[in-house]
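A closer look at the structure
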Amino acid sequence: MALPNWRGVFPAVTTQFNEDLSINLAETQRVIDGLIRDGVHGLIIMGTVGENNSLEPEEKRQVLAAAKEVTAGRVPVITGVSELTTPRAVAYAKDAEKIGADGLMLLPAMVYVPTEEELFRHFAAVAGASALPIMLYNNPPAYRVDISVPLLQRLAEIPTIVALKESAPDTRRFTDLANAIDESKMMLMAGLDDVALEGLLLGARGWISGLTNAFPKESVALYDAVVAGDLAKARAIYRWFLPLLHLDARHDLVQSIKLAEQVMGRGSERVRPPRYILEGKTRADVIAMVEKAAATRPSL
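This text gives an overview of the structure that appears in the document. Remember, it's a predicted structure, so these values are computed and weren't measured experimentally.

Applying the stated criterion to the full structure yields 5 aromatic pairs. Note on Trp207 and Phe241: the rings are 6.4 Å apart at their centroids and 75 degrees apart in plane angle, and the pair reads as edge-to-face. Pair noted here: Trp207 is in strand E8 (residues 206-209) and Phe241 is in helix H10 (residues 231-245), with a separation of 34 residues, a long-range link. Comparing Trp207 with Phe241, the two get one shared label, buried. When the ring of Phe215 is compared with that of Trp240, the centres are 5.3 Å apart and the planes differ by 90 degrees; the resulting orientation is edge-to-face. Highlighted residues: Phe215 in the loop between E8 and helix H9 (216-228) and Trp240 in helix H10, separated in sequence by 25 residues. In this structure, Arg154 packs its charged tip against the face of Phe120, placed 3.8 Å from the ring centre. Positioned over the ring face of Tyr137 is Lys165, at 3.8 Å from the centre of the ring.

Here it is in structure tokens:
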């Protein structure tokens, strides 16, 4: 399979809820349309920030269909595959292809910590379930599973596995991976907001981002500056942005990002249990950070 043209900034889009915490598909579509209008290059639907594991199976299908409808082919739509078991992941991959997803972002099976061979079999089974291109998602701090370089070399031989979202905080991984895996088989994407610039400079083709939900134009400008070789501009944007980007590495990243999104008038902070909206000093601190960033945003 030829590598898809997944380049640029791909926000991990939030899923919007009504006051009773039912899904608000119209508001989710409004959020998506706003991001596209502000220049993002693609979308991750129902990743971590999209609260994948807080949605019922049928809700996931509804959200994906709504995303495809409003996107109308303007940018690629990649959907998270984050299930407890391999059969459930296989079933969702098949349905995602029928609904029209442009790709899958595939996570290890949730909760259970697999052996390396079990992890390979899980990924291989989902890869065999559809013809969709797959981006694997490596996030050891969040999911307690590290996709090793030797395992990625094996997985890169599977034709539909074409990309890796790398969210390990150690940026040396980008160079180790580039040295170990032919970039014609597997492209790298930066996946942790507060090492995004480092990842892009070290060869990542794009950035899967959380805080882009609140500041999409600045996120795109950061990427564009890197591509243009304007490192002074890239550094200036990154230094302005970094206090907020650190939110993406916290355990409450979903609540923090949705609160930032709300402060910027782009969405609602509502989240489903077991998450709850931020309160007290934590909430006040995040609001203050977002308001300061909005007041000091760089000239683009």
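Before going further, it helps to examine the side chain of Arg266. With respect to the helices and strands, Arg266 occurs in the loop between helix H11 (253-263) and helix H12 (280-295). A distance of 2.8 Å separates a polar atom in the side chain of Arg266 from a polar atom in the side chain of Asp38. Apart from the residues within four sequence positions on either side, Arg266 is in contact with Arg30, Val31, Gly34, Leu35, Asp38, Asn213, Ala214, Pro216 and Glu261.

Inspection of the secondary structure puts Lys292 in helix H12. Residues Lys292 and Met105, spaced 187 residues apart in sequence, show a C-alpha to C-alpha distance of 33 Å.

Another point: unusual backbone geometry. Phi is mostly negative for residues that are not glycine, and the peptide bonds are mostly trans. Of note, the bond from Pro273 into Pro274 is cis; its omega dihedral lies within 30 degrees of zero at 20 degrees. Here Pro274 is to be found in the loop between H11 and H12. Within the chain, Met46 stands out as a residue other than glycine whose phi angle is a positive 60 degrees. Topologically, Met46 is positioned in the loop between strand E2 (43-45) and helix H2 (57-71).

Here is what the cut-offs are and how they apply
Residues numbered from 1 in each chain as written. Predicted model: local features only at pLDDT ≥ 70, side-chain atom pairs only at ≥ 80, totals over all residues. Heavy atoms only, no water. Phe/Tyr/Trp six-rings, centres within 6.5 Å; stacked < 30°, edge-to-face > 60°. Helix = DSSP H or I, 4+ residues; strand = E, 2+ residues; numbered from the N terminus. Buried < 20%, exposed > 50% of the residue type's maximum accessible area, 1.4 Å probe, protein only. Lys NZ or Arg CZ within 6 Å of the ring centre and 35° of its normal. Polar contact = N/O pair within 3.5 Å; in protein donor to acceptor, adjacent residues only side chain to side chain. Contact = heavy atoms within 4.5 Å.

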